[in-house]
Amino acid sequence: MRGLAAIGLFFALLGVGAAHAVTPDEMLKDPALEARARALSTELRCMVCQNQSIDDSEAPLAKDLRLLVRERLANGDSDRQVMNFLVARYGNFVLLRPPFEWQTLLLWGLPPLALVAGLIGLIVAARSRPTVSAEPQALSGEEQKKLAVLAKAGE
Amino acid sequence: MIPELGHYALVLALALGLIQSVIPVIGAHGHDAALMRLGTSTALMQFLFVGLSFLALTISYVTSDFSVASAFENSHSMMPLIYKITSVWGNHEGSMLLWVLILSLFGALVAAFGGNLPATLKANVLAVQSWIASAFYLFILLTSNPFLRLPQTPAEGRDLNPILQDIGLAIHPPLLYLGYVGFSIAFSFAIAALIEGRIDAAWARWVRPWTLAAWTFLTIGIAMGSYWAYYTLGWGGFWFWDPVENASLMPWLAGTALLHSAVVMEKRNALKIWTILLAILAFSLSLIGTFLVRSGVLTSVHSFASDPTRGVFILIILMAFIGGGLTLFAWRASTLKQGGLFAPVSREGALVFNNLFLTTACLTVFVGTLYPLALESLAGEKISVGAPFFNLTFGPLFLVLMALMPFGPLLAWKRGNILGVAQRLMAAYAVGIAALAVAFAVEGTQSVLAPFGVGLAFYVMAGAVVDLVERTGLFRMPLGIVARRAAGLPRSTWGTAVAHFGIAVTLLGIIGAGTWGVERIVALKPSQTVSLADYDLTFEGMMARSGPNYSEQAAKFTVKTGGVTIGVMQPSKRNFIARDTSTNEAALMTRGAGQLYLSLGDTNPDGSIAVRLYYKPLVMLIWFGAVIMMVGGGLSLSDRRLRVGAPKPANKPADKSTTKPTLQPAE
């Protein structure tokens, strides 16, 4: 659904109109608790939607999850506990930010690795390569011949 | 009859494409001018025939010829004319036809305006361009024919998906495709250079305007898509890190890197191999984007496996061009001579740094987008990678890049003085710190990071201004000289400063809307008032209205600030008759750079209606910044040396009559 901003919209949109996510009746009375619920909701995936958080989705499942999150929070769960509960129930698929595990090693590791490798590569290249400060090199025999030809032609 | 003509025109375009794929290459190999010239004519005719084909499809849609299957599926006789036209590309088949239309347009542009290219290079470029075009003509004809007829003509069409019935569909896809597909030219130039085994600064000068044009279109195309999503989807977000968005962001990142490395190549004859690689990658990412979006693989790996014809076909095209391109690169790149030495601290060094960060950012998006697909198909494990991941990984990379951005244009070529530049940026730091202080003073410490972001944005904007001030000598010299120097500055210098300014404006918008936005979700009964930021909104009541192919329930809100009425907002819910689906039309009111945003929810049994109200300060700057970037791209594109074209190198020094470089107009 959210693919509207790219060409995939034609493909991704399957005829579901946009509507509301969080509705007034779901919201908790305690603003601090509600704020925590909202923050958690943005990290949780609506599992029947395409890449939407439960905070954004109007799907019934997302509503159920929102209510569940609020129920746990109201019962005094910490954010961590709520997350663990949902992961135990639905697996890592429910997390929009995957945990750092061996299966996600490359996901988390590749970008910083590429950056560090690139930086090291550049430093090595800069050290090994002669820079503008290096002495000008003498002309090779072939170049001197070419120069001679040019000089002759120029006369 | 007309659909058959369109179909036939596309088949002819394929035939022309196949001829153009082979003959000019043979001509270039044997230095046969006539064979090489053939590519020019076939490229122009390809565009003509694809254009006719597209016109035929458009006529089928506009005249509501529902015997054509795709028109039946996606059009309706009651739709306004504009949507009848846009619905041509509001579906898979038609959008692929638009894709090849733009591809053939670019081929024709090279044919028409590439008169100053060396004949062999032009022939090879047109041939490579035609390989791509032929592959996609085949794809359309074999798997996605938009001209297929139904055995019996239905009386009425099924209507365009209501969410696409918006002016956004007229603007966003064509612009995006101009960018996406525009990178094919850089790709064709890169492959042609590898085939010839020769590449020089002149090559970069020819490639740069095409890349710049594609980048400019892609920038504005992505921004327009983002704005469309923002006002249509009803929850006020502007970027969702959805795979289809990422599909357009990756070519943008690679293209931005290419744009910068091509500068180094053009000016200093360095970074040749890298530039070629980026040119291949930028278009490869466009192809990957097309694959992701068109194959259905995103919805689910399994839906891809159950109907794989289209997906597999694109996958084959993808592998042929990316694999072929990279193989050719691996084989031939070593034959390209490196030139132009430079110290690590120099303009070149800064641009290398820029490339490192942009490519890493691109890799991050790439990994984040494809990892779930790879993991699911390899290990059967399902994970989600969403906005929180990208904010955490992509965000810092881009912020570091922006913090260093003002240094680049101020550094000298070959060897720069970083301390000198740091000193010259004093004014920019001052502006940044002042903005930081003001942001803290006004908004308090509810978010510690946001004021720093504001400071960063203002520092980058000031840095772009400092660049221009330094170059024109403003405040140091008499105004007359300043004016003369300003007029004498290359347009590309103005373009750089303007585009860098633009991205900072966008950053400011993202921070403003993301951090200081106010949201209220309430159930309202008529005549109740809600206050939001400095505004009071009174719900006056609901009213029924009807449009050409829908009926809607609109809510009327009177907006007041400080007791003064400033306007009326009418968010609505539309019900589209043909598909019996409803959409949510948000109401927007622009106040300075901020916006009030209202969107309706469900009606409750007690007669109240759920309403989401937002005030998003600075939100317009997100897109305004993109427009500034586009202007920067346009300024750079109008640079004299890009318009005039590259001087022809004198290859026979003995012949005095040709030793003087001659300038030839490119247009």
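One can find the structure itself at the top, above this paragraph.
Basis of the calculations
- Position labels on residues start from 1 in each chain and follow its written sequence.
- As they are written, the chains are lettered A onward and the ligands numbered 1 onward, keeping that order.
- Per-residue local features of the predicted model are confined to residues with pLDDT of at least 70, and side-chain atom pairs are confined, for both listing and counting, to 80 or more; whole-chain, interface and lining totals are unaffected and use all residues.
- Heavy atoms from the whole structure form the basis of all side-chain values; hydrogens and water molecules are not counted.
- In this text, helices come from DSSP runs of H or I with a minimum length of four residues, and strands from runs of E with a minimum of two, each type numbered from the N-terminal end.
- Each residue's exposure class comes from its accessible area (1.4 Å probe, protein chains only) as a fraction of the maximum for that residue type: buried when under 20%, exposed when over 50%, partly exposed otherwise.
- Contacts between residues were defined by any pair of non-hydrogen atoms, one from each residue, lying within 4.5 Å.
- The protein chains shown are the only cover counted for residues, whose accessible areas, like all others here, come from Shrake-Rupley with a 1.4 Å probe.
- Just so you know, the count uses Lys and Arg for positive and Asp and Glu for negative, and it drops His and the chain ends.
- Here the site of a charge means atom NZ of a Lys, CZ of an Arg, CG of an Asp or CD of a Glu.
- Here is the rule: rings of Phe, Tyr and Trp (six-membered ring for Trp) pair when centre to centre is within 6.5 Å. Planes less than 30 degrees apart are stacked, more than 60 are edge-to-face, and the remainder are tilted.
- Any two strands between which DSSP finds at least two bridges are classified as paired.
- Lines fitted to C-alpha atoms define the axes, with helix axes restricted to the stretch in contact, and inter-axis angles between N-to-C directions lie between 0 and 180 degrees.
- Working definition of a nonpolar core: buried Ala, Val, Leu, Ile, Met, Phe, Trp, Tyr and Cys residues. They are joined through side-chain atoms within 4.5 Å.
- Roughly parallel means an angle under 35 degrees; roughly antiparallel means over 145; roughly perpendicular covers 65 to 115; every other angle is labelled oblique.
- What makes a salt bridge here is a side-chain nitrogen of Lys or Arg within 4 Å of a carboxyl oxygen of Asp or Glu, nothing more.

Okay, the overall build of chain A next. Helix and strand counts for chain A come out as six helices and zero strands. Counted from the first residue to the last, chain A has its helices and strands arranged as α-α-α-α-α-α. The buried share among the 155 residues of chain A stands at 42%.

A count of helical and extended segments in chain B gives 22 helices and 10 strands. Counting only C-alpha atoms, chain B reaches 95 × 75 × 55 Å along its principal axes. When burial is assessed residue by residue, chain B has 59% of its 667 residues classed as buried. At a minimum sequence separation of 6, the contacts of chain B that also span at least 24 residues come to 72%. Of the roughly 25,600 Å² that chain B leaves accessible, carbon and sulfur atoms contribute 66%. Once the 43 positive and 32 negative side-chain charges of chain B are each reduced to a mean point, those two points are 15 Å apart.

Before going further, it helps to spend a moment on the packing of aromatic side chains. Describing an aromatic ring pair means giving the distance of the ring centres and the angle of the ring planes. Residue and element names in this part refer to chain B. Across all of its chains, the model carries 26 aromatic pairs over all chains by this definition. For the pair Trp-99 and Phe-136, a centre-to-centre distance of 4.2 Å together with 35° between the ring planes defines the contact as tilted. Of this pair, Trp-99 sits in helix α5 (residues 92–113) while Phe-136 is found in helix α6 (residues 119–143), placing the two residues 37 residues apart along the sequence. The exposure class of Trp-99 is buried, given its relative accessible area of 0%.

Neighbouring strands of a sheet are bound in pairs by backbone hydrogen bonds; such pairs are parallel or else antiparallel. Residues and elements named next belong to chain B. Pairing is antiparallel across the open sheet formed by four strands, whose spatial order is β1-β10-β9-β8. Of all the strands in the sheet, the pair left with one neighbour each is β1 (518–524) and β8 (587–591). Within this sheet the neighbouring strands show an average axis-to-axis angle of 15°, counted without direction. Where strand β9 (residues 594–603) and strand β10 (residues 609–616) come together, seven bridges link them in antiparallel fashion. Across the sheet, Thr-603 pairs through a bridge with Ile-609, a residue of β10. Sitting on the sheet, helix α8 (residues 201–232) touches β8, β9 and β10, and the angle it makes with β9 is about 45°.

Another aspect to go through is the pairing of strand β2 (residues 529–532) of chain B. All names here are of chain B. Burial of the side chains of β2 is restricted to one face: Val-530 and Leu-532 are buried, whereas none of Thr-529 and Ser-531 on the reverse face is. As paired strands, β2 and strand β3 (residues 535–546) are joined by four bridges and run antiparallel to one another. Bridging from a neighbouring strand, Leu-532 pairs with Tyr-535 of β3.

A few words on the nonpolar core. In this structure, Trp99(B), Phe189(B), Trp203(B), Trp252(B), Leu253(B) and Ile276(B) are the most contacted members of the largest nonpolar core, which totals 180 residues. With residues up to four places along the chain from it excluded, the contact list for Phe189(B) reads Leu117(B), Leu121(B), Val125(B), Trp203(B), Trp206(B), Val207(B) and Trp210(B).

Residue and element names in this part refer to chain B. Close contact between helix α10 (residues 272–295) and helix α12 (residues 309–332) brings their axes to 9 Å; oriented N to C, the two are set at 175°. By the angle class used here, α10 and α12 are roughly antiparallel. Here Ile-273, Ile-276, Leu-277, Ile-280, Ser-284, Leu-287, Ile-288, Thr-290, Phe-291, Arg-294 and Ser-295 of α10 come into contact with α12, specifically with Gly-311, Ile-314, Leu-315, Leu-318, Phe-321, Ile-322, Gly-325, Leu-326 and Phe-329.

This next bit is on the pattern of salt bridges. Taken as a whole, this structure holds 22 salt bridges over all chains when the rule is applied. Where Glu519(B) meets Arg38(A), a salt bridge forms, and the shortest distance between an N and an O atom there is 2.8 Å. Taken as a pair, Glu519(B) in strand β1 and Arg38(A) in helix α2 (residues 31–41) lie in two separate chains rather than in one. By relative accessible area, which is 31% here, Glu519(B) ends up partly exposed. Between Arg268(B) and Glu348(B) there is a salt bridge whose closest N-O contact spans 2.5 Å. Of this pair, Arg268(B) sits in helix α9 (residues 243–268) while Glu348(B) sits in helix α13 (residues 347–379), and the two are 80 residues apart along the sequence.

Without other data, these values stay purely geometric and don't point to any function.
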